[in-house]
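In case you want the letters, here they are:
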Amino acid sequence: MLDIELVDLIKDIQNKKTEFQTVEVKSAHGGCPKKLYDTLSSFSNQDGGGIIVFGLDEERGFALSGVYDLNDLQKSVTMQCQQMQPPVRAVFTLTEIEGKKVASAEIPALDIDLRPCYYKGRGKYKGSYIRVGDADLPMTDYEIYSYEAFRKHVRDDERVIDRVDMTMLDQEKIESYLLKTRAGRPGFARFSDEQAYEMLNITHEGRLTLAAVMNFGIYPQGYLPQLAVTAIVVPGKEIGDIGERYERFLDNKRIEGTIAEMTEAAVSFCIRNMKTKIVIDPETGKREDQMEYPVTAIREAILNALIHRDYSTFTEGTPVQINMFSDRLEIRSPGGLYGRLTVEQLGIVRPDLRNPALAVIAEALTEAENRYSGIPTMRRVMREHGLSEPVFENRRDEFIVRLYNGIVSKESGSSVRVRENKEGINAGREIGDPEERITKFCATPKSRQEIAEMLGLKTVFYVTQRYITPLIDKGVLIMTIPDKPRSRNQKYVTR
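Residues numbered from 1 in each chain as written. Predicted model: local features only at pLDDT ≥ 70, side-chain atom pairs only at ≥ 80, totals over all residues. Heavy atoms only, no water.

1. Structural notes on the pattern of salt bridges
For side chains of opposite charge, pairing can occur when their charged atoms come near one another. Going through the model one piece at a time under the given rule, you end up with 34 salt bridges. As a salt-bridge pair, Arg272 and Asp251 come within 2.9 Å of each other at their nearest N and O atoms. Taken as a pair, Arg272 in helix α10 (residues 259-273) and Asp251 in strand β14 (residues 251-255) lie far apart in primary sequence, 21 residues in all. Assessed through its relative accessible area of 18%, Asp251 is described here as buried. Here the residues in one salt-bridge network are Glu238, Asp327, Arg328, Glu330, Arg332, Glu393, Arg395, Glu398 and Arg402, joined through shared partners. (Salt bridge = Lys/Arg side-chain N within 4 Å of Asp/Glu carboxyl O. Helix = DSSP H or I, 4+ residues; strand = E, 2+ residues; numbered from the N terminus. Buried < 20%, exposed > 50% of the residue type's maximum accessible area, 1.4 Å probe, protein only.)

Here is the structure:
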């Protein structure tokens, strides 16, 4: 970090009077803070790391307090960094503002293979922290396990399920799967059934795996009761909203079976509860019935949730959830994104597979392609359906896909008239092609927040990464303050 960047960061903190996801403030006027372990851990454990700023007094509205001694501060912070496992390598920046000395310590993100970073004095399970907003919170046992499972290549889909034997699986499905796998593979065809089961991860040392039970089981939920799907339809935009007759749910269903059976039943549930729109082309006058959401996008989202969810014992009691609201459809899957993958990389970077054995079997039994095409397909069919792209959210213990039902013109600049049919649906707003809309909208300078609101999206970070940055790279948009890209006063205008 350059001196001028530290000065700008301090001004931003003072203007907003708050700490951030990646910024922690310490006074250090009377000495070095004695317990930085939680912040050192949480910054090391998050992508992008973080910055500790010394010399501001949070209790006085982040006023400059100055640092007692810059040399001693660096030595003291470095000593605390050495108490972490793995040791933290802080990068210091020192400067002076209004005659008072200030400093920052940049804490680099630890590679995911080395996480969690923790304070050795408290041990891994009490000394590991994660950053949530401007707070450092202790990691849960599940979060620690998630890192270790990735590092050690633990495959929860291959874990043995006791009390299940071959008589409890659908023999026709297994035989069909073996025949399909042996076709065109003369070497594999020479193995006995028992050997083939081991190689295909249907069994492990003769005992059936979770992957086998969830794909071939006659009734998987008899042994794994919560590895199911719960689906509800809410008469509003949030859970808790009630309908005209005070009903909490318009429909409510628990869906069980194998991966393939749950996928079909869940898609059928969504189709049954979707509204039908009458779309009239303004040029041809042609009428067309259009479902509220494209079925292909729903199927891909549900398949992804069932195949790529966390199947560890920590999440064994949590089903996949489908929530249908008046303005959106949500699919919630237990467990966050696996490995190094981030939301911004979805559909672009080839991901690590959390459940490779289960995914390979499911590919043969469902329409899942297992070729990393699910996210691009969802985006494409939503656009073709005239809707905004799916919104993805990665939380500490779950991954969420949101499909919004706003109406979009299929051709930029034109409008589509939507009439309310007997099932009932309000005319939606015109959204159009996002990049072209941004280009027109920014004829006069607009902020990130204004652009996000114009697109009808809540996540400013997503809008910045998905639309604004690519348009800047293409030379379509320019920044009004190019020398300060992260300025809170930054706006964008069409070149």
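2. Considerations on the pairing of strand β20 (residues 398-404)
With seven of seven residues buried, β20 lies mostly within the body of the structure. Across the two faces of β20 the burial is the same, with Glu398, Ile400, Arg402 and Tyr404 and Phe399, Val401 and Leu403 all buried.

3. Structural notes on the sheet that holds strand β6 (residues 91-97)
The four strands are arranged β1-β2-β7-β6 in an open sheet whose pairing can be described as mixed. Pairing within the sheet leaves two strands with one partner each, and these edge strands are β1 (23-26) and β6. Going from strand to strand, the sheet's axes swing by 20° on average, the running direction of each strand aside. As defined by bridge partners, β1 adjoins strand β2 (residues 50-54) across four bridges and the pair is classed as parallel. Its bridge partner lying in β2, Val23 is registered against Ile51. Contacting β1, β2, β6 and β7 (100-107), helix α1 (residues 3-16) runs over the sheet at an angle of about 70° to β6. Across the sheet, helix α3 (residues 70-82) touches β2, β6 and β7, and the angle it forms with β6 is around 155°. (Pairing = 2+ DSSP bridges. Axes fitted to C-alpha atoms, helices over the stretch in contact; angles between N-to-C directions. Contact = heavy atoms within 4.5 Å.)

4. Side note on the state of the cysteines
Across all of its chains, the model carries zero disulfides by this definition. With no disulfide of its own, Cys117 lies 8.8 Å from the sulfur of Cys81, the closest cysteine sulfur. (Disulfide = S-S within 2.5 Å.)

5. Here's the deal with helix α16 (residues 460-473)
Here α16 spans 18 Å end to end across 14 residues, near enough to the 20 Å set by a 1.5 Å rise per residue. A bend of about 30° at Tyr467 is the largest found in α16, and the proline Pro470 appears one to four places after it. Taken together, the buried positions of α16 are Tyr462, Val463, Thr464, Tyr467, Ile468 and Leu471. Against α14 (434-441), α15 (448-455), β22 (477-479) and β23 (492-494) lie the buried residues of α16. Of the residues flanking the end of α16, it is Gly475, one or two places downstream, whose phi is positive at about 85°. (Expected span 1.5 Å × (residues − 1). Bend = angle between axes of the 7 residues up to and from the residue.)

6. Quick notes on unusual backbone geometry
Note the cis peptide between Gln85 and Pro86, where omega equals -5°. The residue Pro86 is located in the loop between β5 (84-85) and β6 in this model. Cis geometry is adopted by the peptide bond preceding Pro116, which originates at Arg115 and carries an omega value of 5°. In this structure, Pro116 sits in the loop between β7 and β8 (118-119). Although it is not a glycine, Glu98 adopts a positive phi angle of roughly 50°. Inspection of the secondary structure puts Glu98 in the loop between β6 and β7. Within the chain, Arg163 stands out as a residue other than glycine whose phi angle is a positive 75°.

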